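Observations on the model geometry
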Amino acid sequence: MFRRSRLIAATMVAGVAGTLIAVTGTSYAQTAPSPGSPGLGDRLYPMLGNGGYDVQNYDLSLFHRTKNPKQTVSGDVTITAEATQSLSRFNLDFTGDQVAAVSVNGRPADFARSGSELTVTPRQHLPAGRRFTVTVAGFTATPAPPGPDSMMGFLTTPDGTVLAGQPEASQRLFPNNNHPRDKATYTISVTGPVGWTGTASGVLQHTRSRNGYVTSTYRESHPMASELVQVAVGDFVVKRRAPVGRTAIRDVVPRRLAADLLPRLDQERAQLAWMERKIGPYPFENYGSLVVAVELGGALETQTLSLYDAGLFADEHADEASAIMAHELAHHWFGNSVSPWSWTDIWLNEGHAHFYELLHQDEAGKFQESFGAPDRETYFKAVYGMSNRLRTEHGPVGAPPDATSFFHVFNPNVYLGGALVLYALQEKIGAATFAQVQRAWVSSYRGKSASTQDFIALASRVAGEDLDPFLTGWLYGAETPPMPGHPDWTVT
Ligand SMILES: [Zn+2]
């Protein structure tokens, strides 16, 4: 994600199958059935996600009964998963309103709710290594406006509802295994009154009308983290654009603002072509922008349909809009296709997205207007100068201090310091080798989740040298190491 005001102000000088871990063939010890863990033990968000199973697919249906953007919506979700231990019971994450019924393998199951945990107890235990389905039927959720401290949530806007799930808010709309370590494919069906449009991450499969309602069904066939799911339902129009290579392009905007907004979004096509030249093929089937008429104060890389607010596209923010669009697009390689193993690894998302955002604006000749510095080197020199202060105030680049606030995790050092680490790596191993590292990263871990240690190991392998001491200092040190090739750069 990208928080506009805070980050830009801080930077003015002077962000398939692969994950279905082929469990087939894996053998599990058949021990006595026990409860799955209620959390994955993430250092920052220990209760997000759940242990004991690996989700492979979500089949999610949502129903908007009227044309009221504030209405409570209802839905059903069927999750196909594989037990990774012998399970007596297991948890899902859900903070919506109500749950009507739960079944496992088609049979009614007991369930209980406590905080964000939805605990499901099947009639019979689930053997390790066996595939099962769990259906949560008749759940309900009520959208809320974005709050002053976070844009994230199941959001109401003047024109309909959208989802901004990072890092935990997707569970406000639907029950899921809410951690980017467990990605899955999705089928999403949205039903609303005729005249409203339902869109979602992935590719439109079909649209059906019946009794005054329209159901649109989308398929995301590439693994997606729950935090990146987008579902937008309301008085929106969908604009299809010419594809970029094989990537279909579609934008979604409020109908009443379409004439003004749509021309401002077309630049995503050139940006996508630019990113493919830099880093390799776009990893999904389609891309586009979703713009809502409520102030978010930021943007979010929801998969295949990045989320922005209309205020970003005012004339006076044109350079900022271009930069943030490049940032959210870059996330589709860094964060969406290659997801963080844990939230501690968030610099892998935001450092990379900021790095390519800077590079894009530089090569587009918009650097000064976007970042208040003449070029990237000047910018990084200034960030280097403040880097110890960033570490002191926000923790090391690779270890945000805690999650008591959203902005302790998504803090300026993750963005600025993260991009600076990548710049330091480029200066150390040279631009050509650095480019090989980046391309190897997005191809080796495409559709998977990977950690900072995975990045260090891959960079070392590609560069042919042990980069662990170098990157460990840059990522976890209390003080910023010397910048390779710039002995004159000093920390102030
Ligand atoms: Zn970001």
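Moving on: the sheet that holds strand 4 (residues 73-83). Strand order in this open sheet of 8 strands is 7-6-10-4-3-13-16-15, and the pairing throughout is mixed. Single-partner strands in this sheet number two, and they are strand 7 (107-108) and strand 15 (203-210). Relative to strand 13 (residues 184-193), strand 3 (residues 53-63) runs parallel, the two sharing 7 bridges. What sits directly across from L60, in strand 13, is I188.

The next subject is the environment of N68. Topologically, N68 is positioned in the loop between strand 3 and strand 4. Separated by 92 residues in the primary sequence, N68 and G160 have C-alpha atoms spaced 7.4 Å apart.

Turning our attention to the sheet that holds strand 8 (residues 110-114). The strands making up a sheet associate through hydrogen bonds between their backbones, and the pairing can be parallel or antiparallel. Read from one edge of the open sheet, 4 strands run 2-5-9-8, paired in mixed fashion. Pairing within the sheet leaves two strands with one partner each, and these edge strands are strand 2 (34-35) and strand 8. With 4 bridges joining them, strand 5 (residues 87-93) and strand 9 (residues 117-121) adopt antiparallel strand pairing. In the sheet register, F90 faces strand 9, and the bridge partner there is V120.

Moving on, we get to the pairing of strand 14 (residues 197-200). Here strand 14 shows two buried faces, one formed by T197 and T199 and the other by G198 and A200. Examined bridge by bridge, strand 14 and strand 17 (residues 231-234) share 4 bridges and lie antiparallel to one another. Within strand 17, the position partnered with A200 by the bridge is V231.

This part takes up unusual backbone geometry. Trans is the prevailing form of peptide bonds, just as negative phi is the prevailing case for residues other than glycine. Across the junction of Q166 and P167, the peptide omega takes the value -5 degrees, indicating a cis bond. Mapped onto the fold, P167 is located in the loop between strand 12 (160-164) and strand 13. Notably, N211 is not glycine yet its phi reads approximately 50 degrees, a positive angle. Mapping N211 onto the fold places it in the loop between strand 15 and strand 16 (213-224). For N211, a count of 5 C-beta atoms within 10 Å corresponds to the exposed category.

As for its position among the elements, R208 is in strand 15. Distance from R208 to P283, taken between C-alpha atoms, is 29 Å for residues 75 residues apart in sequence.

Our next topic: helix 7 (residues 376-385). In an α-helix, one full turn covers 3.6 residues, which means residues spaced three or four apart are oriented alike. Within the sequence span of helix 7, burial applies to Y379, F380, A382, V383 and Y384. Of the surrounding elements, those touching the buried residues of helix 7 are helix 5 (346-363), helix 6 (367-371), helix 8 (387-394) and helix 10 (412-429).

Right, let's talk about the packing of helix 11 (residues 431-444) against helix 12 (residues 452-463) for a bit. Working note: a packed helix pair is described by the angle between its axes plus the distance between those axes. Helix 12 packs onto helix 11 with a crossing angle of 130 degrees between their chain directions and a minimal axis gap of 9 Å. Relative to helix 12, helix 11 is oriented oblique. Two packed elements cross with a definite hand, and for helix 11 against helix 12 that hand is right-handed. Note on element contacts: helix 12 touches helix 11 through F455, L458, A459, V462 and A463, opposite T433, Q436, V437, A440, W441 and S444. When the residues that make up the contact of helix 11 with helix 12 are grouped by side-chain class, the tally is 8 nonpolar, 3 polar and no charged.

In this section: the nonpolar core. For soluble globular proteins, nonpolar side chains are generally found buried alongside one another. One finds A164, V231, A299 and L420 to be the most contacted residues of the largest nonpolar core, which totals 130 residues. Considering every element that reaches this core, the biggest residue donor is helix 10, with 11 residues. When residues of this core are assigned to domains, at least three fall in each of domain 1 (26-331) and domain 2 (339-476). Every residue in contact with A299, bar those within four places of it in the chain, is listed here: M1, F2, S306, L307, Y308, L312, I324 and E328.

When cut into domains, the chain gives domain 1 (26-331) and domain 2 (339-476). Domain 1 and domain 2 are separated by 27 Å when their C-alpha centres are compared. Counting from both sides, the interface comprises 28 residues of domain 1 and, opposite them, 30 residues of domain 2. Looking at the side of domain 1 that touches domain 2, the elements with two or more residues in it are strand 16, helix 3 (267-279) and helix 4 (318-331). Tallied by class, the residues present in the side of domain 1 that touches domain 2 amount to 13 nonpolar, 7 polar and 8 charged.

Each value, and the rule that gives it
- Every chain is numbered on its own, with residues counted from 1 as its sequence reads.
- Note on the predicted model: pLDDT of at least 70 is required for a residue's local features to be given, and 80 or more for side-chain atom pairs to be given and counted; whole-chain, interface and lining totals, by contrast, use all residues.
- For two strands to be treated as a pair, DSSP must find at least two bridges joining them.
- Comment: elements are numbered from the N terminus, with helices defined as DSSP H or I runs of at least four residues and strands as E runs of at least two.
- Working definition of burial: number of other C-beta atoms within 10 Å of the residue's own, with buried at 20 or more, exposed at 12 or fewer, and partly exposed in between, all C-beta atoms being placed from the backbone.
- Any pair of residues counts as being in contact when their C-beta atoms, constructed from backbone geometry, are within 7 Å of one another.
- Each axis is a line fitted through C-alpha atoms, taken for helices only over the stretch in contact, and angles between the N-to-C directions span 0 to 180 degrees.
- An angle counts as roughly parallel when it lies under 35 degrees, as roughly antiparallel when it exceeds 145, as roughly perpendicular when it falls between 65 and 115, and as oblique in every other case.
- In this scheme the handedness of a crossing depends on how the near helix is turned from the far one: anticlockwise by less than a right angle means left-handed, clockwise means right-handed.
- Put simply, Ala, Val, Leu, Ile, Met, Phe, Trp, Tyr, Cys and Pro go in the nonpolar bin, Asp, Glu, Lys and Arg in the charged bin, and everything else, Gly too, in the polar bin.
- Residues enter a nonpolar core if they are buried, belong to Ala, Val, Leu, Ile, Met, Phe, Trp, Tyr or Cys, and are joined to the set through C-beta atoms within 7 Å.
- What marks off one domain from the next here is an automatic or database domain assignment.

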